[in-house]
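Topology and contacts: notes
Residues per chain, in single letters:
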Amino acid sequence: MSRVRTWALAPAGGLLILLFLIPMAIVTSYSWMTRGPYGGVAAPLTWENYARLFDPLYFSILIRSLVYAGIATGICVLMGFPLALFISRSGGRKNFYLGLVIVPFWTSFLVRTYAWMFLLRDTGLINTALQALGVIGEPLPLLYNPFAVMVGLVYGYLPFMVLPIFSTLERLDRSLLEAAADLGARPLDALFRITVPLCKPGILAGSVLVYISCLGAYLTPDLLGGGKTIMIGNLVQNQFTTARDWPFGAALSLILMLAVMALLLPLVRRGNEGLL
Amino acid sequence: MDAVLELSGVSKQYPGHLAVDNVSFPVPRGSLFALVGPSGCGKTSILRMIAGFEQPTAGELSLNGQRIEHLRPYERNVSTVFQSYALFPHLNVRQNIEFGLKRKGAKEFDGPVAKVMNLLRLAGKESRLPHQMSGGERQRVALARSLVIEPELLLLDEPLSALDPQLRKQVRLELKSLQRSVGITFLMVTHDQEEALSLSDGIAVMNRGKLEQVGTPREIYLKPASRFVAGFLGSVNWLGDVGVRPELTRVGHQPPGNGARSHPARVRAATFLGNCVHVHTELSHGAHITAEVPCDHIEVAAGQDVHVWWEPEDEIHLPESRA
């Protein structure tokens, strides 16, 4: 039995070692090296790549990423909770609505992001329509700014908020809401006293998923931010491509990963107490 | 009779299924009233309609003479003790009990909360969470939570079913004395006839959505209005249109010769139950009669020829067609 158990671990374990732990070790060792003349890495060993993170130019990008991810997560909670509530109370149509939430995953994220560009750009659907209606004279600056990045982040990761909240709502004992009404709670009162507190595990799980995804986002800020509103994901990509500074890129990726881990650790601890 | 609740002509139609069919009965004020019947008989639907979780398709519900069908659950002065108790798992005992008081805009919490907590032996457990408590304690919290808002009527959905059997008898007595001490009308739904008979002042028996009989436990047990009621609240030996309860049936080696109804029978089996013996007999024409007799009453063995008899006044007369 224990032999079977050991072998059952082998495929996933092997893959993880080969494609995650070894590359991680490489990235970690690169982060202490000096950039080579044509990309790549060279001696000597240095801490300088980590020190550069505190350069205001890069530090502001890190802070911006943390803040954007936080705002996007907040908006996703505010939009996702009511949506999950609506779906969980739609009786026979539940699966249909749930399907609509999942349908976007059938299309490439890249294609969907381009679709947003067609909607938001100066000659896009929204501006053209508003101009045709005479609401505005000049096109609104909807694309290539923080607003567009936020729209993209919320749009892209909302399902990761809706699904965990939906599943906690589904497990919620309906008799608790009947008991609340029975004791004099009006529907809105019962929602905030009973439903929301009991959905905390789902809200927390969804927030973690959305926050981490947003923090590492690079396609959305790249395409919708137009290279002006860059986030840490774009910075990492730049270092490995145009800037040809692999050691700095490696240090940035490690910092990003450590930030995510620092964020997750307390939640995992609470998860052990049955909250997540 | 002063009724706190009055049902008249209440029906509940679900798609393809009439759960409650034209039911009317009053619930006397200050009583412990039981609504009994087998599962699926519509008793729970009635309870849910009184609480306001479901709407009757037809009929009227009056609480203190006021129609309440149109009121939402949070507008009705009735409270429910749920079968699963439905305690709020994220709130401690005290917060659970205060929930209703706060919703009803009470100014004073400490006094009423302390009072019900003492009454239900919960003092000192204020900060426990529901999952840290035993089944019996959780039930007392559920009772406290409902009683603290002083409803006109307390609804109890199978109040004893979630407790283990040893606890059940004890809680039964406690429930009755609790009802007496608070004076609030209790309307209890149960499928357990023993529970209904021993606890309640009045019983309504339901079967297949219809009301079969309303009366005191004594009336319902001794003068059942239908074969269903007779059979639901205890066992009955039927000989054509005549029935007699096993505990009123006697077994003897000789006929009693005193005007009692006596039949020669053969013992099929005798089952020892500790406090009594069930003697299963068969009459010459094939009818089966069971007698419940004290252990030391008679020594019988399978195959023995005996006489079974009973007093004519103990007979229940109900034609078979009303089964």
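What comes next is a walk through the structure.

Criteria and cut-off values
Residues numbered from 1 in each chain as written. Chains lettered and ligands numbered in written order. Predicted model: local features only at pLDDT ≥ 70, side-chain atom pairs only at ≥ 80, totals over all residues. Heavy atoms only, no water. Helix = DSSP H or I, 4+ residues; strand = E, 2+ residues; numbered from the N terminus. Buried < 20%, exposed > 50% of the residue type's maximum accessible area, 1.4 Å probe, protein only. Contact = heavy atoms within 4.5 Å. Areas by Shrake-Rupley, 256 points an atom, 1.4 Å probe, with all protein chains shown as cover. Lys, Arg positive; Asp, Glu negative; His and termini not counted. Charge placed at Lys NZ, Arg CZ, Asp CG, Glu CD. Phe/Tyr/Trp six-rings, centres within 6.5 Å; stacked < 30°, edge-to-face > 60°. 1 Å grid on protein atoms, 1.4 Å probe; cavity = no way out; pocket = protein on both sides within 12 Å on 5 of 7 lines; lining within 4 Å. Points joined across faces, edges and corners; volume = space filled by probe spheres on them. Nonpolar A, V, L, I, M, F, W, Y, C, P; charged D, E, K, R; others polar. Buried area = accessible area lost by both parts, 1.4 Å probe. Salt bridge = Lys/Arg side-chain N within 4 Å of Asp/Glu carboxyl O. Axes fitted to C-alpha atoms, helices over the stretch in contact; angles between N-to-C directions. Parallel < 35°, antiparallel > 145°, perpendicular 65-115°, else oblique. Left-handed = near helix turned anticlockwise from the far one by under 90°. Pairing = 2+ DSSP bridges.

Remarks on the overall build of chain B
Tallying secondary structure elements over chain B gives eight helices and 18 strands in all. Summarising its shape, the C-alpha atoms of chain B cover approximately 75 × 45 × 35 Å along the three principal directions. A burial count over chain B gives 50% of its 323 residues as buried. Counted over contacts in chain B with a minimum sequence separation of 6, partners at least 24 positions apart contribute 64%. With the model as given, the accessible surface of chain B reaches about 14,700 Å², and the carbon-plus-sulfur share is 50%. Here chain B contributes 35 positively and 36 negatively charged side chains, and the mean placements of these two sets differ by 6 Å.

Here we look at the overall build of chain A
Regarding its fold elements, chain A presents 13 helices and two strands. Overall size of chain A, expressed as C-alpha extent along the three principal axes, is 75 × 70 × 35 Å. Buried residues in chain A amount to 39% of all 276 residues. Counting only contacts in chain A whose residues sit at least 6 apart along the sequence, the fraction spanning at least 24 positions is 65%. Each charge class in chain A can be summarised by its mean position, and for the 19 positive and 12 negative side chains these summaries are 6 Å apart.

A short note on the packing of aromatic side chains
Residues and elements named next belong to chain A. Inspection of the entire model under this criterion finds 17 aromatic pairs over all chains. Ring geometry for Phe-109 against Tyr-157: centres 6.1 Å apart, planes inclined by 40 degrees, an arrangement best described as tilted. On the criterion of sequence distance, the pair formed by Phe-109 in helix 5 (residues 109-120) and Tyr-157 in helix 7 (residues 146-171) is long-range, its members being 48 residues apart. For Phe-109, a relative accessible area of 23% translates into the label partly exposed. Tyr-157 sits in the buried class, given a relative accessible area of 11%.

What about empty space enclosed by the protein?
Residue and element names in this part refer to chain A. Considering all chains together, one arrives at two cavities of 30 Å³ or more under this definition. Taken as a whole, the largest cavity holds about 40 Å³ of empty space. Lining the largest cavity are Leu-85, Ser-88, Arg-89, Leu-169, Leu-172, Arg-174 and Leu-177. Listed by contribution, the elements that provide at least two residues to the lining of the largest cavity are helix 3 (56-88) and helix 8 (174-182). Here the residues of the lining of the largest cavity sort into four nonpolar, one polar and two charged. Taken as a whole, the second largest cavity spans an internal volume of roughly 30 Å³. Around the second largest cavity sit Phe-109, Thr-113, Trp-116, Gly-152, Tyr-155, Thr-220 and Leu-224, which together line it. Sorting the residues of the lining of the second largest cavity by element identifies helix 5, helix 7 and helix 11 (219-224) as the ones contributing at least two each. Ranked by residue count, the leading element in the lining of the second largest cavity is helix 5, at three residues. The residue makeup of the lining of the second largest cavity, split by class, is four nonpolar, three polar and no charged.

Quick look at the interface of chain B and chain A
If you look at the interface, chain B gives 23 residues, while chain A gives 18 residues. Counting the surface lost from both chain B and chain A, the interface buries some 1,700 Å², and carbon and sulfur atoms represent 65% of this. Area buried by chain B at its contact with chain A is led by B:Tyr74, B:His90 and B:Arg103, which between them contribute 38% of it. If you look at where chain B meets chain A, you find two salt bridges. The salt bridge involving B:Arg103 is made with A:Asp189; its shortest N-O contact spans 2.5 Å. Listed by contribution, the elements that provide at least two residues to the side of chain B that touches chain A are helix 1 (43-51), strand 6 (78-81), helix 2 (93-103) and helix 4 (135-147) of chain B. When grouped by side-chain class, the residues that make up the side of chain B that touches chain A number twelve nonpolar, six polar and five charged.

As for the packing of helix 2 of chain B against helix 4 of chain B
Residue and element names in this part refer to chain B. Remark: helix 2 packs on helix 4, axes separated minimally by 7 Å, with the N-to-C direction vectors making an angle of 30 degrees. Taken together, helix 2 and helix 4 sit at an angle that is classed as roughly parallel. Taken as a pair, helix 2 and helix 4 cross one another with a handedness that is right-handed. On the side of helix 2, the interface is formed by Val-93, Asn-96 and Ile-97, while helix 4 contributes Val-141, Ala-144 and Arg-145. Its residues placed into classes, the contact of helix 2 with helix 4 shows four nonpolar, one polar and one charged.

Focus on the pairing of strand 15 (residues 277-283) of chain B
Residues and elements named next belong to chain B. The alternating pattern of strand 15 places Val-277, Val-279, Thr-281 and Leu-283 on a buried face, while none of His-278, His-280 and Glu-282, on the opposite face, is buried. Looking at chain direction, strand 14 (residues 261-272) and strand 15 are connected through seven bridges and run antiparallel. Paired with Ala-269 across the two strands is His-280, which belongs to strand 15. The sheet contact formed by strand 15 and strand 16 (residues 288-293) spans six bridges and is antiparallel.

A few points about the pattern of salt bridges
All names here are of chain B. Evaluated as defined, the whole model comprises 21 salt bridges over all chains. A salt bridge links Arg-29 to Asp-2, with the nearest nitrogen and oxygen atoms 2.5 Å apart. Here Arg-29, found in the loop between strand 2 (17-28) and strand 3 (32-36), pairs with Asp-2, found in the segment before strand 1 (3-14); they are 27 residues apart in sequence, far enough to count as distant. Taken together, the shared-partner salt bridges connect Arg-94, Glu-98, Lys-102 and Asp-110 into one network.

So, the environment of A:Leu45
All names here are of chain A. As for its placement among the helices and strands, Leu-45 is situated in the loop between strand 2 (41-42) and helix 2 (48-51). Each C-alpha atom, one on Leu-45 and one on Ile-26, is 14 Å from the other, the two residues being 19 residues apart in sequence. In this structure Leu-45 touches Trp-32 and Met-33, once residues within four positions along its chain are discounted.

So, the sheet that holds strand 10 (residues 210-215) of chain B
Residues and elements named next belong to chain B. With mixed pairing, six strands are arranged side by side in an open sheet as 6-7-8-3-9-10. Looking along the sheet, the strands with just one partner apiece sit at the ends: strand 6 and strand 10. When the angles between neighbouring strand axes are averaged without regard to direction, this sheet yields 20 degrees. Sheet analysis places strand 9 (residues 202-207) next to strand 10, joined by five bridges and oriented antiparallel. Within the sheet, the bridge partner assigned to Val-205 lies in strand 10 and is Gln-213. Along the sheet face, helix 4 touches strand 6, strand 7 (153-157) and strand 8 (185-190) and points at about 175 degrees away from the line of strand 6.

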